[in-house]
Amino acid sequence: MILGASFGGDLVTSVLQGLPPGTVYGLIAIGFVLAYKTSGVLNLAFGAQAYVSAALFFQARNEWNWPTLPAFVLAVVIVAPAIGLVLERFIFRRLPTESSLAKLVIAIGLAVAIPNLFELIVGFEPVAGHTPGGLLSHGATVFYDPTGLYAFSRDELTAMAIALASALGLAALFRFTAIGLEMRAVVESPRMTELNGIRSGRVSGFAWALSSFFAGLAGVLIAPRFNTLAAPDFFNLVVVAVAAAAIGRLVSLTWALIGGLGLGVLIAIINTFLPDLAEGHSWLNPIQDNITSAVPFLVLFGLVTLWPAVRRTREQSDPLSGVDPPPAAPAALTRSRGLTVATWVFAACFFAIAGYVVLARADTSWLFLVTQAVILSTIYLSVTVLTGFAGQISLCQGAFAATGGFTVFQLASHFGVSTLLGALIGACLAAVIAAIVSLPTVRLGRVWVAIATLAFAAFFDAVIVKLPFVAGGGTSLLQGTRVPRPFVGPIDFADDKSFLVLAVVVFLAAAYVVAKIREGTVGRTLQALRGSEVAAQSIGISPTRARVTAFAISGFLAGLGGAMLSIQQQNVNYANNFSPFAALFWLVLVISLGARTVEGAAYAGASFSLMDQIIFRGTFIGWLLRSPERVPWFFPISPKWRYVLFGLTTLSFARHPEGLVENGKRKAHQRMEKLMARRRGPDDPAAPRGAADDGDAAVAVPEPVS
């Protein structure tokens, strides 16, 4: 009897403890569903919007010394809705017929660009080791216990009251106002709404402003629960939002709110009862310590992969918009023989000169950056295979790369295995894990594959990395995850120049394999599935086998590159190299420059590693002026502009899914061909006939049959 009473009391206490975060999770889910219902956009930039409001509120109160109310009005009432209006009016409204993949890619790019753009404009620096304050003074130190079971802090009571008032206000808006009725009508059919004289664009803009308002409100309310104020912390809110919204299948605001409350209560119950279950089971201790942050990720992955209702959720788009036309042939295959020879000669000369300069004259810092660029290009080839060939978005490439790095660390430090052999083993292990992750996602649409892999990446970051047999546990906190350089016969790769040569050899081998895959049966099968899965199945292609193969190859390349990066730095450096938010920028970078070619991966690796040193620090300008002292005063430029630049470059994905590099090459080749044709003259039989305008492929029109 006493045991039952104790259990019941603990359960009630857990429910009360979970209500404050649960109400904020519900607000996040409501805002997420609002944007999805009216535009079909899974807004992965939602966490970035929440971060902007939370950081602006903190900046106004602590740096500008504003009172709480004006700071709240600026951050939540003015700036947050304005961001939503800008996103809807200038970006997503212009994509009404694009595929869900284009909308997802653009949302990912915005998730990277928005926080960095805000920090540059406002001059805000992420706060570490300091818990942001709430709306009320002493919000975290003054408590009230109305039930006698759990003492609520002022911040928690404020969050619950505001969340409840916001939910009731939204319900009244939908039920009793004209704009609420119009929003419901736009959700059902924007075209029918237009026929009735309602401007669906205006209604959609209002919905986005309202969604962004909820993002800003949730960001300010949940910030006191963090001990830091940085964009990656708020990115995890996206997973929470999707997990709660998935309970309502992304369409029900009521169930989204219930889902948020349920997540908060579930986390509190686990925190209450798991310690008792873990007693006597030491292997559960790492899981117990990190299960709180992992619950939303597990719930989301389970919902997406196991609940058929979520998998059948209708995408808000034109039924034909997701059927991509066959991509144009790579520019390298359509140029003339003379231009091909000239290109190869120029490339050979350029790389010969660059290689000589790097190996003969570069100092240690430049050798490090060039080697890092080559290794990252190997990792980015994994995106080429999975996104460029298969048309799938994976947000857990960082986890696969980290698997390779941690495998090398464990094998080298505990078993004395050669690091090169450990790199191959780590790549194979990453391939196996990638294949296993892909199995429950093979029947999902592209968007849901991205969401499922995001959940896995977040779980890997929250739990797997903390396990002793993965990252070393407490020992790694003191000694680091050190990885030695290898020996091969007389060659000691501790020398940076020797290791650069090794990295180039590994990249060239990986690039050759990827190029052969694109030209072979696997590549053509993946391209067929990317164009139309139904048509591919009709000719006997198995989507399951093809996608599992693509994931496995992608995982192998990521694991191999992650192992090489860890060997180069002689440390895994998980937080800097492989965290989910860092890996998100990998995807943005490769997609922006070109996910369908090996050259795109190489350009992405060079851009990530070298752009800051060459461009933003003014080194290139100094070379041109032949004097570092003559570099303009505005250098060095903040490296955050790199994230802003490539994040916003994803906006071009809808028009140029092949990437900026491939699109630029195609246009340059067309201009060169036209110039050569004019020099040869119109009567030259070698001159091209019917060349298309810049940016368009030439199309042969057959003669009519009489």
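Residues numbered from 1 in each chain as written. Predicted model: local features only at pLDDT ≥ 70, side-chain atom pairs only at ≥ 80, totals over all residues. Heavy atoms only, no water.

1. Brief notes about the overall build of the protein chain
As a reminder of what qualifies: Secondary structure follows DSSP: runs of H or I at least 4 residues long count as helices, runs of E at least 2 residues long count as strands, and numbering of each begins at the N terminus. Exposed residues in this analysis have more than 50% of their type's maximum accessible area, buried residues have under 20%, and partly exposed residues fall in between, with area computed by a 1.4 Å probe over protein chains only. Whether two residues touch is decided by their heavy atoms; if any such pair falls within 4.5 Å, the residues are in contact. Accessibility throughout is a Shrake-Rupley quantity obtained with a 1.4 Å probe, and a residue counts as covered only by protein chains that appear here.
When you go through the protein chain residue by residue, the secondary structure sums to 30 helices and 6 strands. Expressed as a percentage of the 706 residues in the protein chain, the buried residues total 53%. Of all intrachain contacts in the protein chain linking residues separated by at least 6 positions in sequence, the fraction that spans at least 24 positions is 76%. Of the roughly 32,400 Å² that the protein chain leaves accessible, carbon and sulfur atoms contribute 65%.

2. As for the packing of helix H26 (residues 580-593) against helix H27 (residues 598-616)
Stated formally: Only the stretch in contact is used when fitting a helix axis, every axis being a line fitted to C-alpha atoms; angles between N-to-C directions are given from 0 to 180 degrees. If an angle is under 35 degrees, it is roughly parallel; if it is over 145, roughly antiparallel; if it lies from 65 to 115, roughly perpendicular; otherwise it is oblique. For any helix crossing, the convention is left-handed if the near helix is rotated counterclockwise from the far helix by under a right angle, and right-handed if that rotation is clockwise. Residues are sorted three ways: Asp, Glu, Lys and Arg are charged, Ala, Val, Leu, Ile, Met, Phe, Trp, Tyr, Cys and Pro are nonpolar, and all the rest, Gly among them, are polar.
One way to put it is that H26 packs onto H27 with a least axis distance of 8 Å and a crossing angle of 125 degrees. Between H26 and H27, the angle falls in the class oblique. Between H26 and H27 lies a crossing of right-handed hand. On H27, the residues touching Phe585, Trp586, Leu589, Val590 and Leu593 of H26 are Gly600, Tyr603, Ala604, Ser607 and Phe608. Class assignment for the residues of the contact of H26 with H27 results in 8 nonpolar, 2 polar and no charged.

3. Details of the nonpolar core
To be explicit about the condition: What we call a nonpolar core is a set of buried Ala, Val, Leu, Ile, Met, Phe, Trp, Tyr and Cys residues that are connected through their side-chain atoms within 4.5 Å.
In terms of nonpolar packing, the biggest core is built from 200 residues, with Phe92, Phe234, Tyr380 and Ile393 touching the most fellow members. Ranked by residues supplied to this core, first place goes to helix H15 (residues 364-389) with 15 residues. In this view, Tyr380 contacts Trp586, Leu589, Val590, Ala601, Ala604, Gly605 and Phe608; residues no more than four positions away in its chain are not counted.

4. Concerning the environment of Tyr25
As for its placement among the helices and strands, Tyr25 is situated in helix H1 (residues 2-39). When its relative accessible area of 13% is taken as the criterion, Tyr25 is described as buried. The spacing of Tyr25 and Ile222 is 197 residues in sequence and 8.8 Å in space, taken between C-alpha atoms.

5. A closer look at the side chain of Ser607
Put simply, the test is: In protein, a polar contact requires one atom able to donate a hydrogen and another able to accept it; more generally it is a pair of N or O atoms within 3.5 Å, and residues adjacent in sequence count only if both atoms are side-chain atoms.
Along the chain, Ser607 falls in helix H27. Classification of Ser607 by relative accessible area gives buried; the value is 13%. Within the local environment of Ser607, its side chain forms a polar contact with the backbone oxygen of Tyr603, the two atoms lying 2.8 Å apart. Ignoring sequence-local partners within four residues, the contact set of Ser607 consists of Leu589, Leu593, Arg642 and Phe646.

6. Details of unusual backbone geometry
You will see that Asn65, though not glycine, has its phi angle at about 60 degrees, which is positive. Structurally, the position occupied by Asn65 is in the loop between helix H2 (46-63) and helix H3 (68-90). Residue Asn573 is not a glycine yet carries a positive backbone phi of 50 degrees. Looking at the secondary structure, you find Asn573 in the loop between helix H24 (543-569) and helix H25 (574-577).

7. Regarding the packing of aromatic side chains
Note the following rule: Under the pairing criterion, centres of Phe, Tyr and Trp rings, with the six-membered ring standing for Trp, must be within 6.5 Å; the plane angle then separates stacked pairs below 30 degrees from edge-to-face pairs above 60, leaving the rest tilted. For a Lys NZ or an Arg CZ to count as sitting over a ring, it must be within 6 Å of the ring centre and within 35 degrees of the ring normal.
One pass over the full model with this rule turns up 21 aromatic pairs. For the pair Tyr150 and Phe152, a centre-to-centre distance of 5.0 Å together with 85 degrees between the ring planes defines the contact as edge-to-face. Using a relative accessible area of 5% as the deciding quantity, one classes Phe152 as buried. Seen in terms of ring centroids, Phe460 and Tyr574 are 6.3 Å apart; in terms of plane orientation they differ by 45 degrees. Their pairing is tilted. Taken together, the residues span a long stretch of sequence, with Phe460 in helix H18 (residues 446-462) and Tyr574 in helix H25 at a distance of 114 residues. Comparing Phe460 with Tyr574 shows no difference in burial state: the two are buried. When the ring centre of Phe499 is taken as reference, the NZ or CZ atom of Arg485 above it lies at 4.5 Å. Above the ring of Phe608, the side-chain terminus of Arg642 is found at 4.8 Å from the ring centroid.

8. As for the environment of Gln568
Inspection of the secondary structure puts Gln568 in helix H24. Taking the relative accessible area as the measure of exposure, Gln568 reaches 5% and is therefore buried. In this structure, the C-alpha to C-alpha distance between Gln568 and Gln372, residues 196 residues apart in sequence, is 7.7 Å. In this structure, Gln568 is in contact with Phe368, Thr371, Gln372, Ile375, Arg485 and Phe499, ignoring residues within four places of it in sequence.

9. Quick word on a nonpolar patch on the surface
Keep this limit in mind: Exposure above 30% relative accessible area and no salt bridge define the residues that can form patches, which grow by joining like charges within 9 Å and nonpolar side chains of Val, Leu, Ile, Met, Phe, Trp and Tyr within 5 Å. Salt bridges are defined as contacts in which a side-chain nitrogen from Lys or Arg sits within 4 Å of a carboxyl oxygen from Asp or Glu.
Taken together, Ile615, Phe620, Trp623, Leu624 and Leu625 make up a surface patch of nonpolar side chains, about 490 Å² in accessible area. Counting residues per element, the nonpolar patch draws most heavily on helix H28 (residues 619-625), which supplies 4 residues.

10. So, the pattern of salt bridges
Here the structure, examined in full by the defined rule, presents 5 salt bridges. Put simply, Lys640 and Glu125 hold a salt bridge, and the shortest N to O gap is 3.6 Å. On the criterion of sequence distance, the pair formed by Lys640 in helix H29 (residues 640-649) and Glu125 in the loop between helix H4 (100-122) and strand E1 (127-128) is long-range, its members being 515 residues apart. The exposure class assigned to Lys640 is buried, which follows from its relative accessible area of 16%. Residue classification places Glu125 among the exposed residues on the basis of a relative accessible area of 53%. The shortest N-O distance in the salt bridge between Arg225 and Glu156 comes to 3.9 Å.

11. Brief notes about the side chain of Ser377
Along the chain, Ser377 turns up in helix H15. Accessibility expressed as a relative area gives 4% for Ser377, which makes it buried. Side-chain polar atoms of Ser377 contact the backbone oxygen of Ala373, separated by 2.8 Å. Not counting residues within four places of it along the chain, the set of residues in contact with Ser377 comprises Phe507, Ala601, Ala602, Gly605 and Ala606.

12. Observations concerning the packing of helix H16 (residues 397-414) against H24
H24 packs onto H16 with a crossing angle of 50 degrees between their chain directions and a minimal axis gap of 7 Å. It follows from the interaxial angle that H16 and H24 lie oblique. Like other packed secondary-structure pairs, H16 and H24 cross with a definite hand, here right-handed. Two secondary-structure elements touch here, H16 through Gln397, Phe400, Ala401, Gly404, Gly405 and Val408 and H24 through Ser554, Gly555, Ala558, Gly559, Gly562, Ala563, Ser566 and Ile567. Within the contact of H16 with H24, the residues separate by chemical class into 6 nonpolar, 8 polar and no charged.

13. With respect to the environment of Phe585
With respect to the helices and strands, the residue Phe585 is situated in helix H26. Overall, the relative accessible area of 1% leaves Phe585 in the buried class. Note: C-alpha distance between Phe585 and Leu395 (190 residues apart in sequence) is 9.9 Å. Among all residues touching Phe585, those that are not within four sequence positions of it are Val112, Phe608, Arg642, Tyr643 and Phe646.

14. Focus on H26
Worth spelling out the cut-off: Here the expected span of a helix is defined as 1.5 Å times the quantity of residues minus one.
Between its first and last C-alpha atoms H26 spans 20 Å; for 14 residues at 1.5 Å apiece the expected length is 20 Å, and the two agree. With respect to burial, H26 is a largely interior element, 13 of its 14 residues being buried. Within two residues after H26, Gly594 carries a phi angle of roughly 150 degrees, on the positive side.

15. Comments concerning the confidence of the model for the protein chain
Selection rule: What pLDDT conveys is the predictor's confidence in a given residue, as a value from 0 to 100.
With 84% of its residues at a pLDDT of 70 or more, the protein chain shows a mean pLDDT of 81. The spread of mean pLDDT over the elements of the protein chain runs between helix H20 (residues 474-479), the lowest at 47, and helix H17 (residues 419-438), the highest at 94. Predicted confidence is poor over residues 316-323, with pLDDT under 50, and the contacts of this stretch with residues over four places away or in other chains come to 15 contacts. The low-confidence segment residues 688-706, where pLDDT is below 50, has 18 contacts with residues more than four positions distant or belonging to other chains.

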